[in-house]
Amino acid sequence: MRTLIVDDERLARNELKRLLEPYTRIEIVGEAANAEEALVMIEDLQPELLFLDIQMPGKNGFELLTSIEGKSPEVIFTTAYDEYAIKAFEFNALDYLLKPIDNERLKETIHRIEENQSQPEATLPSNERAEKILGETDQVFVKDGEKCWFVKLGKIRLFESMGNYVRLHFDDQKPLVLKSLNNLEERLDPNTYFRANRKHIINLQWIEKIEPWFSGGLLVTLQGGDKIEISRRQAIRFKELMSL
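Residues numbered from 1 in each chain as written. Predicted model: local features only at pLDDT ≥ 70, side-chain atom pairs only at ≥ 80, totals over all residues. Heavy atoms only, no water.

## So, the packing of aromatic side chains
Now for step 1: Taken as a whole and judged by the stated rule, the model has six aromatic pairs.
Now for step 2: Note on Y96 and F150: the rings are 5.8 Å apart at their centroids and 75° apart in plane angle, and the pair reads as edge-to-face. With Y96 in strand β5 (residues 95-98) and F150 in strand β7 (residues 147-152), this pair connects stretches of sequence that are 54 residues apart.
Now for step 3: Y96 sits in the buried class, given a relative accessible area of 5%.
Now for step 4: Between the aromatic rings of W149 and F170, the centroid separation amounts to 6.0 Å while the plane-to-plane angle is 85°, which identifies the pairing as edge-to-face. Within this pair, whereas W149 is found in strand β7, its partner F170 is found in the loop between β9 (165-169) and β10 (176-177), the two being separated by 21 residues in sequence. For the residue pair W149 and F170, the accessibility class agrees, reading buried in each case. (Phe/Tyr/Trp six-rings, centres within 6.5 Å; stacked < 30°, edge-to-face > 60°. Helix = DSSP H or I, 4+ residues; strand = E, 2+ residues; numbered from the N terminus. Buried < 20%, exposed > 50% of the residue type's maximum accessible area, 1.4 Å probe, protein only.)

## Topic: the pattern of salt bridges
A pair can form between side chains of opposite charge whenever their charged atoms are brought close.
Now for step 1: Tallied over the full model, the rule gives 11 salt bridges.
Now for step 2: Its salt-bridge partner being K99, residue D53 comes within 3.6 Å of it at the nearest N-O pair. Here the residue D53 occupies a position in strand β3 (residues 49-53), and K99 occupies one in the loop between β5 and α5 (103-117), the gap between them amounting to 46 residues.
Now for step 3: On the accessibility criterion, D53 (4% relative accessible area) is buried.
Now for step 4: For K99, a relative accessible area of 23% corresponds to the partly exposed category.
Now for step 5: Taking the shortest distance from any N to any O, the salt bridge between D95 and R105 comes out at 2.9 Å. (Salt bridge = Lys/Arg side-chain N within 4 Å of Asp/Glu carboxyl O.)

## Observations concerning the domain arrangement of the chain
Now for step 1: For the chain, the domain assignment lists domain 1 (2-117) and domain 2 (151-242).
Now for step 2: Distance between the C-alpha centres of domain 1 and domain 2: 35 Å. (Domains from an automatic or database assignment.)

## A word on the environment of V140
Now for step 1: Considering the arrangement of structural elements, one finds V140 in strand β6 (residues 139-144).
Now for step 2: Along the primary structure V140 and F150 are separated by 10 residues, whereas in three dimensions their C-alpha atoms are 5.6 Å apart.
Now for step 3: Not counting the four nearest positions on each side in its chain, V140 is found in contact with L134, W149, F150, V151, L153 and I156. (Contact = heavy atoms within 4.5 Å.)

## Regarding the side chain of T78
Now for step 1: Positionally, T78 belongs in strand β4 (residues 74-79).
Now for step 2: Those residues within four positions of T78 in sequence are excluded, and the remaining contacts are D7, F51, L52, D53, I54, L97, K99 and I101.

## A look at the nonpolar core
Now for step 1: Core analysis: the biggest nonpolar cluster contains 22 residues, and V6, L50, L52, L64, L65, F77 and Y96 have the highest contact counts within it.
Now for step 2: At the level of elements, β1 (2-6), α2 (35-45), β3, α3 (61-67), β4 and α4 (85-90) are the ones that each hand at least two residues to this core.
Now for step 3: The dominant element in this core, judged by the number of residues it contributes, is α2, at four residues.
Now for step 4: What L64 contacts, discounting residues up to four positions off in sequence, is V6, A35, A38, L39, I42, L52 and K59.
Now for step 5: Membership of the second largest hydrophobic core comes to 17 residues, among which are W149, V151, L153 and V166. (Core = buried A, V, L, I, M, F, W, Y, C linked by side-chain atoms within 4.5 Å.)

Given below as C-alpha coordinates:
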(Lines give C-alpha, C1' and ligand atoms only; values in the text may rest on other atoms or scores of the structure.)
Protein backbone atom coordinates (compact mmCIF):
# COMPACT_ATOMS: atom_id res chain seq x y z
CA MET A 1 0.00 0.00 0.00
CA ARG A 2 1.21 3.47 -0.87
CA THR A 3 1.69 5.01 2.57
CA LEU A 4 2.11 8.54 3.89
CA ILE A 5 3.36 9.28 7.42
CA VAL A 6 1.99 12.48 8.97
CA ASP A 7 3.56 13.55 12.27
CA ASP A 8 5.06 16.84 13.45
CA GLU A 9 7.87 15.04 15.33
CA ARG A 10 10.77 14.04 13.09
CA LEU A 11 12.00 11.41 15.56
CA ALA A 12 8.55 9.83 15.65
CA ARG A 13 8.47 9.66 11.84
CA ASN A 14 11.92 8.09 11.74
CA GLU A 15 11.01 5.52 14.38
CA LEU A 16 7.82 4.54 12.53
CA LYS A 17 9.73 4.19 9.26
CA ARG A 18 12.19 1.90 11.05
CA LEU A 19 9.36 -0.23 12.45
CA LEU A 20 7.75 -0.49 9.02
CA GLU A 21 10.92 -1.62 7.20
CA PRO A 22 10.17 -5.39 7.47
CA TYR A 23 6.77 -4.99 5.81
CA THR A 24 7.51 -5.03 2.09
CA ARG A 25 3.86 -4.44 1.13
CA ILE A 26 3.93 -1.06 2.88
CA GLU A 27 5.52 1.44 0.47
CA ILE A 28 6.29 4.75 2.18
CA VAL A 29 5.84 7.38 -0.51
CA GLY A 30 6.33 10.44 1.68
CA GLU A 31 6.15 12.08 5.08
CA ALA A 32 4.60 15.33 6.24
CA ALA A 33 5.10 17.41 9.38
CA ASN A 34 1.67 19.06 9.42
CA ALA A 35 -1.79 18.97 7.85
CA GLU A 36 -1.00 21.59 5.20
CA GLU A 37 1.96 19.59 3.87
CA ALA A 38 -0.06 16.39 4.09
CA LEU A 39 -3.00 17.76 2.04
CA VAL A 40 -0.68 18.68 -0.82
CA MET A 41 1.07 15.30 -0.71
CA ILE A 42 -2.23 13.38 -0.53
CA GLU A 43 -3.39 15.13 -3.71
CA ASP A 44 -0.06 14.61 -5.51
CA LEU A 45 0.87 11.10 -4.31
CA GLN A 46 -2.58 9.51 -3.87
CA PRO A 47 -1.57 7.35 -0.88
CA GLU A 48 -3.79 4.43 0.08
CA LEU A 49 -2.85 4.55 3.77
CA LEU A 50 -2.06 7.27 6.32
CA PHE A 51 -0.22 6.84 9.59
CA LEU A 52 -1.65 9.98 11.15
CA ASP A 53 -0.73 11.80 14.35
CA ILE A 54 -3.64 13.62 15.99
CA GLN A 55 -2.12 16.54 17.88
CA MET A 56 -0.13 18.73 15.49
CA PRO A 57 0.43 22.47 15.09
CA GLY A 58 -2.29 24.03 12.96
CA LYS A 59 -4.96 21.53 11.92
CA ASN A 60 -5.08 18.35 13.96
CA GLY A 61 -5.41 14.90 12.42
CA PHE A 62 -9.20 14.91 12.44
CA GLU A 63 -9.36 18.32 10.78
CA LEU A 64 -6.94 17.07 8.15
CA LEU A 65 -9.25 14.16 7.29
CA THR A 66 -12.29 16.42 6.95
CA SER A 67 -10.28 18.68 4.59
CA ILE A 68 -9.44 15.93 2.11
CA GLU A 69 -11.33 16.32 -1.14
CA GLY A 70 -12.41 13.15 -2.93
CA LYS A 71 -11.67 9.64 -1.69
CA SER A 72 -9.82 9.52 1.63
CA PRO A 73 -7.01 7.03 2.27
CA GLU A 74 -7.35 4.41 4.97
CA VAL A 75 -6.15 5.73 8.34
CA ILE A 76 -4.18 4.38 11.27
CA PHE A 77 -3.99 6.96 14.04
CA THR A 78 -0.77 7.24 16.02
CA THR A 79 -0.92 9.27 19.20
CA ALA A 80 0.42 9.50 22.73
CA TYR A 81 -3.09 10.09 24.08
CA ASP A 82 -5.88 7.53 24.50
CA GLU A 83 -8.73 10.03 24.99
CA TYR A 84 -9.21 10.36 21.20
CA ALA A 85 -10.34 6.74 20.73
CA ILE A 86 -14.02 7.67 20.44
CA LYS A 87 -13.44 10.17 17.66
CA ALA A 88 -11.01 7.86 15.86
CA PHE A 89 -13.72 5.20 15.86
CA GLU A 90 -16.15 7.70 14.29
CA PHE A 91 -13.66 8.22 11.44
CA ASN A 92 -13.64 4.45 10.69
CA ALA A 93 -9.94 4.20 11.50
CA LEU A 94 -8.26 0.89 10.74
CA ASP A 95 -6.50 1.09 14.09
CA TYR A 96 -5.44 3.40 16.91
CA LEU A 97 -1.82 2.96 17.99
CA LEU A 98 -0.55 4.53 21.17
CA LYS A 99 2.98 5.95 21.25
CA PRO A 100 5.52 4.65 21.83
CA ILE A 101 4.30 2.19 19.21
CA ASP A 102 4.63 -1.42 20.28
CA ASN A 103 6.16 -3.60 17.56
CA GLU A 104 3.79 -6.53 18.24
CA ARG A 105 0.71 -4.26 18.03
CA LEU A 106 2.02 -2.84 14.76
CA LYS A 107 2.60 -6.37 13.46
CA GLU A 108 -1.03 -7.29 14.25
CA THR A 109 -2.27 -4.16 12.48
CA ILE A 110 -0.23 -4.76 9.32
CA HIS A 111 -1.24 -8.42 9.27
CA ARG A 112 -4.90 -7.42 9.44
CA ILE A 113 -4.43 -4.89 6.62
CA GLU A 114 -2.77 -7.52 4.43
CA GLU A 115 -5.61 -9.95 5.11
CA ASN A 116 -8.19 -7.30 4.22
CA GLN A 117 -6.31 -6.48 1.00
CA SER A 118 -6.68 -10.07 -0.13
CA GLN A 119 -10.44 -10.03 0.46
CA PRO A 120 -13.10 -8.37 -1.74
CA GLU A 121 -14.36 -6.23 1.13
CA ALA A 122 -11.17 -4.19 1.03
CA THR A 123 -12.60 -2.50 -2.07
CA LEU A 124 -15.94 -1.65 -0.49
CA PRO A 125 -16.93 1.90 0.51
CA SER A 126 -16.18 2.67 4.15
CA ASN A 127 -19.82 2.37 5.27
CA GLU A 128 -20.04 -1.16 3.81
CA ARG A 129 -16.61 -2.16 5.04
CA ALA A 130 -17.69 -1.16 8.55
CA GLU A 131 -20.14 -4.09 8.40
CA LYS A 132 -17.45 -6.70 7.67
CA ILE A 133 -17.27 -9.86 9.75
CA LEU A 134 -15.22 -9.27 12.88
CA GLY A 135 -12.68 -11.83 14.08
CA GLU A 136 -10.67 -12.29 17.26
CA THR A 137 -7.80 -10.06 16.10
CA ASP A 138 -10.06 -7.07 15.38
CA GLN A 139 -10.10 -4.14 17.80
CA VAL A 140 -13.45 -2.63 18.81
CA PHE A 141 -14.31 0.56 20.62
CA VAL A 142 -16.63 0.15 23.63
CA LYS A 143 -18.22 2.99 25.60
CA ASP A 144 -20.35 2.57 28.72
CA GLY A 145 -21.21 5.84 30.44
CA GLU A 146 -17.98 7.76 31.01
CA LYS A 147 -15.75 4.69 30.61
CA CYS A 148 -14.16 3.72 27.29
CA TRP A 149 -12.19 0.70 26.11
CA PHE A 150 -10.39 -0.18 22.87
CA VAL A 151 -10.38 -3.95 23.20
CA LYS A 152 -9.33 -6.85 21.00
CA LEU A 153 -12.36 -9.07 20.29
CA GLY A 154 -10.40 -12.19 21.20
CA LYS A 155 -10.33 -11.01 24.82
CA ILE A 156 -14.15 -10.94 25.01
CA ARG A 157 -15.16 -14.35 26.33
CA LEU A 158 -18.92 -13.82 26.53
CA PHE A 159 -21.71 -11.66 25.07
CA GLU A 160 -24.84 -11.59 27.25
CA SER A 161 -28.22 -10.19 26.15
CA MET A 162 -29.73 -7.68 28.58
CA GLY A 163 -32.92 -6.53 26.85
CA ASN A 164 -31.96 -3.86 24.32
CA TYR A 165 -28.34 -4.04 25.47
CA VAL A 166 -25.54 -6.59 25.37
CA ARG A 167 -23.10 -7.03 28.24
CA LEU A 168 -19.51 -7.78 27.19
CA HIS A 169 -17.36 -9.90 29.52
CA PHE A 170 -13.58 -9.34 29.25
CA ASP A 171 -10.87 -9.19 31.91
CA ASP A 172 -12.77 -8.00 35.00
CA GLN A 173 -14.92 -5.60 32.96
CA LYS A 174 -18.61 -5.98 32.04
CA PRO A 175 -19.69 -2.92 30.04
CA LEU A 176 -23.08 -2.62 28.32
CA VAL A 177 -23.50 -1.63 24.66
CA LEU A 178 -26.73 -0.62 22.94
CA LYS A 179 -26.98 -3.53 20.52
CA SER A 180 -29.12 -6.60 20.11
CA LEU A 181 -27.50 -10.02 20.39
CA ASN A 182 -28.90 -10.91 16.96
CA ASN A 183 -27.20 -7.89 15.42
CA LEU A 184 -23.88 -8.79 17.03
CA GLU A 185 -24.17 -12.41 15.94
CA GLU A 186 -24.33 -11.26 12.31
CA ARG A 187 -21.05 -9.34 12.72
CA LEU A 188 -19.03 -11.99 14.58
CA ASP A 189 -16.91 -14.72 12.96
CA PRO A 190 -18.89 -17.97 13.45
CA ASN A 191 -15.66 -19.95 13.63
CA THR A 192 -14.82 -18.22 16.91
CA TYR A 193 -18.13 -17.01 18.36
CA PHE A 194 -21.03 -19.41 18.96
CA ARG A 195 -24.66 -18.65 19.81
CA ALA A 196 -25.13 -20.88 22.86
CA ASN A 197 -28.75 -19.96 23.56
CA ARG A 198 -31.21 -17.08 23.30
CA LYS A 199 -29.19 -14.92 25.73
CA HIS A 200 -25.52 -15.81 25.18
CA ILE A 201 -22.77 -15.88 22.55
CA ILE A 202 -19.56 -17.55 23.73
CA ASN A 203 -15.98 -17.29 22.51
CA LEU A 204 -14.99 -20.87 21.66
CA GLN A 205 -11.34 -20.10 22.46
CA TRP A 206 -12.30 -19.55 26.11
CA ILE A 207 -13.98 -22.92 26.73
CA GLU A 208 -12.42 -24.78 29.65
CA LYS A 209 -14.89 -27.63 30.26
CA ILE A 210 -17.98 -29.16 28.63
CA GLU A 211 -20.54 -31.34 30.45
CA PRO A 212 -23.80 -33.06 29.44
CA TRP A 213 -26.82 -31.09 30.66
CA PHE A 214 -30.58 -31.42 30.94
CA SER A 215 -32.73 -32.40 27.93
CA GLY A 216 -29.80 -33.06 25.62
CA GLY A 217 -28.14 -29.72 26.21
CA LEU A 218 -24.56 -28.97 27.28
CA LEU A 219 -23.05 -26.95 30.11
CA VAL A 220 -19.93 -25.03 29.14
CA THR A 221 -17.50 -23.57 31.66
CA LEU A 222 -15.39 -20.69 30.35
CA GLN A 223 -11.99 -19.67 31.64
CA GLY A 224 -12.77 -17.34 34.51
CA GLY A 225 -15.65 -19.46 35.76
CA ASP A 226 -18.68 -18.41 33.69
CA LYS A 227 -21.07 -21.34 33.23
CA ILE A 228 -23.26 -21.14 30.11
CA GLU A 229 -25.94 -23.59 29.02
CA ILE A 230 -25.99 -24.59 25.36
CA SER A 231 -29.59 -25.33 24.43
CA ARG A 232 -30.49 -28.75 23.03
CA ARG A 233 -30.94 -27.39 19.49
CA GLN A 234 -27.67 -25.47 19.60
CA ALA A 235 -25.89 -28.47 21.18
CA ILE A 236 -26.48 -30.37 17.94
CA ARG A 237 -24.84 -27.55 15.94
CA PHE A 238 -22.06 -27.28 18.51
CA LYS A 239 -21.18 -30.98 18.23
CA GLU A 240 -21.18 -30.76 14.42
CA LEU A 241 -18.94 -27.71 14.54
CA MET A 242 -16.47 -29.04 17.09
CA SER A 243 -16.30 -32.76 16.17
CA LEU A 244 -13.62 -34.34 14.00
